[in-house]
Amino acid sequence: MATTTPVDVFPAGVKPFVERKYPKAICMFDVDGTLSPARLHASDEMIAALKKLREYTATAFVGGSNYAKIEEQLHVDGENVIDAFDYCFAENGLTAYKLSKQLDSASFIKHVGEEEYKKLVNWILRYLSDVDIPIKRGTFIEFRNGMINVSPIGRNASPAERNEFERYDKIHNIRSTMIEALKKEFDHLKMTFSIGGQISFDVFPTGWDKTFSLRHIEGEGFEEIHFFGDKTYKGGNDYEIYTDPRTIGHSVTNPEDTLRLLHELFFDKA
Ligand code: M1P
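Along each chain, numbering runs from 1 in the same order as the chain's sequence is written. Two thresholds apply to this predicted model, a pLDDT of at least 70 for residue-level local features and 80 or more for giving and counting side-chain atom pairs, whereas whole-chain, interface and lining totals are computed over all residues. Note that water and hydrogens are dropped before the side-chain values are worked out from all heavy atoms of the structure.

What follows deals with the overall build of the protein chain. Counting its regular elements, the protein chain contains nine helices and 11 strands. Against the 2.2 N^0.38 benchmark of 18 Å for 270 residues, the protein chain shows a C-alpha radius of gyration of 19 Å, consistent with a compact globule. In terms of principal-axis extent, the alpha carbons of the protein chain reach across some 60 × 35 × 35 Å. Out of the 270 residues belonging to the protein chain, those deemed buried represent 55%. Note on definitions: a residue-residue contact is assigned when non-hydrogen atoms from the two residues lie within 4.5 Å. Pairs at least 24 residues apart make up 67% of the contacts formed inside the protein chain by residues separated by at least 6 positions. Across the protein chain, the mean location of the 33 positive side-chain charges is 2 Å away from that of the 42 negative side-chain charges. Numbering of helices and strands runs from the N terminus, with a helix taken as a DSSP run of H or I at least four residues long and a strand as a DSSP run of E at least two residues long. For this measure, only C-alpha atoms enter the radius of gyration; the expected value for a globule follows 2.2 Å times N^0.38, where N is the number of residues. Relative accessibility decides the category of a residue: with a 1.4 Å probe and only protein chains considered, values under 20% of the type maximum give buried, values over 50% give exposed, and everything between is partly exposed. Positive charges come from Lys and Arg alone, negative charges from Asp and Glu alone, with His and the N- and C-terminal ends not counted. Where a charge lies is defined by one atom per residue type: Lys uses NZ, Arg uses CZ, Asp uses CG and Glu uses CD.

Right under this line is the structure:
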C-alpha cells in the first residue's frame, strides 16, 4: 500500500516538519474522550492547542468513527479538518490523509466478501430483534469503508438516550454478551469486536485496529510517536496502539487531561 506522497507540499502558513521544535516527533490523538467529549465538539481551547502543537511536532488524529463524524467534532469555521492536522486517520486509519491529500484506503467489504457479509448482517439483525432493552431507535448497523458499527439501541439515539443506554449496558452487558455470541458464530472471519463508544461496537478484520494507522507513518522518519487516548485498557479501542512498542502511550481521563499533558510535554518545556 502506498502510504506516502512523493513530495511533501506544506500548506501556506504550516511549517515543514524539519522546522518544528521536535522535527522527529509526532503526536497522534484519539478523538472521543481525548480531544472532545464523546460525539461532541472539541473546545476552543483544544482547537487552539492543536494548532499551536504544529509548531512543535507533527500532528494526527486517529479516530474509530468515520471521517464525516470526526469533521463535525473538530471542525472550525473556514477550515477543513484535513488541513488542521498533518495526518488524519478516520476509521482507525482505514481512511487516511496526509497534508490534506487522501492516501490509499482499505475496504471491509472487499476483505470479507459479499456472501459472508450478508450472513453476518442477517445474524446481527436476527440477534438484535430478540434483544429486549428499554428503547430502540434506528440504524442498527452502519456500513463504513473499513468496518461496520453495530448498535443495539440504534445510531439515531439522542444524546440523552445514549447516556441512558450506556448506563443500562454497564449493568446488563448487552454489548459484551452479543460480542461473545458473535465471536463464537463468526470465529472463521477473524474479526475484532471493539467497544469504543457509548452505544455501539465496531467490527473489523483483526489487525485493522488503530495500529493500522501506523503503517501510514512508517518510513516517514519519526523517532517519537506519542499516542494519547482514553480507552487504553484491555478491550478499549485505544489499547492496541497504546501498548504498541512503536508508540509512547499516554492514557488520559478527558480532554482537559490531554491539554494538561500537552503543556507538560511540550508547551511549558524550556
Ligand atoms: O470513537 C469512538 C466510537 O465512537 C462512536 O461510538 P458510539 O456511537 O458507540 O458512542 C462510533 O463512531 C464508534 O465507531 C467509535 O469507535
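Moving on to unusual backbone geometry. In this structure, L99 takes a positive phi of about 45 degrees despite not being glycine. Along the chain, the position of L99 falls in the loop between β4 (95-98) and β5 (101-102). Its relative accessible area of 5% is what places L99 among the buried residues. Within the chain, T139 stands out as a residue other than glycine whose phi angle is a positive 60 degrees. Its location among the elements puts T139 in the loop between α5 (114-129) and β6 (141-143).

Reading across the sheet, the seven strands line up as β5-β4-β3-β2-β1-β10-β11 and stay open at both edges, with mixed pairing between neighbours. The open sheet terminates on both sides in strands that have one partner only, identified here as β5 and β11 (248-251). At least two DSSP bridges between two strands are needed for those strands to be called paired. In this structure, β4 lies alongside β5, joined through two bridges in antiparallel fashion. For K98, the partnering residue across the bridge sits in β5 and is K101.

Our next topic: the UniProt feature "binding site: alpha-D-mannose 1-phosphate" (unreviewed entry) in the protein chain. UniProt positions are given in the numbering used here, feature names are shortened, and annotations may be inferred rather than shown by experiment. Listed under "binding site: alpha-D-mannose 1-phosphate" (unreviewed entry) in the UniProt record, and renumbered for this structure, are R39, R144, R155, R162, S200 and D202. Locating R144 in the fold gives a position in the loop between β6 and β7 (148-150). Residue class for R144 comes out buried when judged on its relative accessible area of 5%. Among residues more than four places away in sequence, those in contact with R144 are G64, S65, N66, K69, E91, F108, N149, R155 and D202. We define a polar contact as two N or O atoms separated by no more than 3.5 Å, with the added condition that, inside protein, one atom must be a possible hydrogen donor and the other a possible acceptor, whereas residues neighbouring each other in sequence contribute only through side-chain atom pairs. Polar contacts involving the side chain of R144 include one to the main-chain carbonyl oxygen of G64, which spans 3.2 Å. Note that D202 resides in strand β9 (residues 201-205). Apart from the residues lying within four places of it in its own chain, the contact partners of D202 are R144, M147, I148, N149, T192, F193 and S194.

Side-chain positions along a regular strand alternate between the two faces of the sheet. Alternating residues of β4 divide into T95 and Y97 and A96 and K98, and every residue in both groups is buried. In this sheet, β4 lies alongside strand β3 (residues 87-90) in antiparallel orientation, the contact comprising four bridges. For A90, the partnering residue across the bridge sits in β4 and is T95. In this structure, the hairpin formed by β3 and β4 is closed by a connection of four residues, where E91 is found at a positive phi of approximately 50 degrees. Linking two consecutive strands that pair antiparallel, namely β4 and β5, is a turn of two residues; a positive phi of about 45 degrees is found at L99 within it.

A word on helix α1 (residues 44-53). Think of an α-helix as turning once every 3.6 residues; residues three or four places apart then point the same way. Among all positions of α1, only M46, I47, A49, L50 and L53 are buried. When α1 is viewed along its axis, its buried side chains cluster within an angular range of 160 degrees and face the same direction. Opposite the buried face of α1, by more than 90 degrees, sit the exposed residues D44, E45 and K51. Taken together, the buried residues of α1 touch β1 (25-29), β2 (58-62), α2 (67-74) and α9 (255-267). By arc we mean the arc of the directions from the helix axis to the C-beta atoms, nothing more.

Each salt bridge in this description consists of a side-chain nitrogen of Lys or Arg and a carboxyl oxygen of Asp or Glu lying within 4 Å of one another. Summed over all chains, the structure comprises 22 salt bridges. The shortest N-O distance in the salt bridge between E116 and K119 comes to 3.4 Å. With a gap of three residues between them, E116 and K119 both fall in helix α5, about one helical turn apart. A salt bridge links R167 to E164; the nearest nitrogen and oxygen atoms lie 2.8 Å apart. Taken together, the residues span about one helical turn, with R167 and E164 both in helix α6 (residues 159-172) at a distance of three residues. By relative accessible area, which is 43% here, E164 ends up partly exposed. Via salt bridges that share partners, K69, E142, R144, R155 and D202 belong to a single interconnected network.

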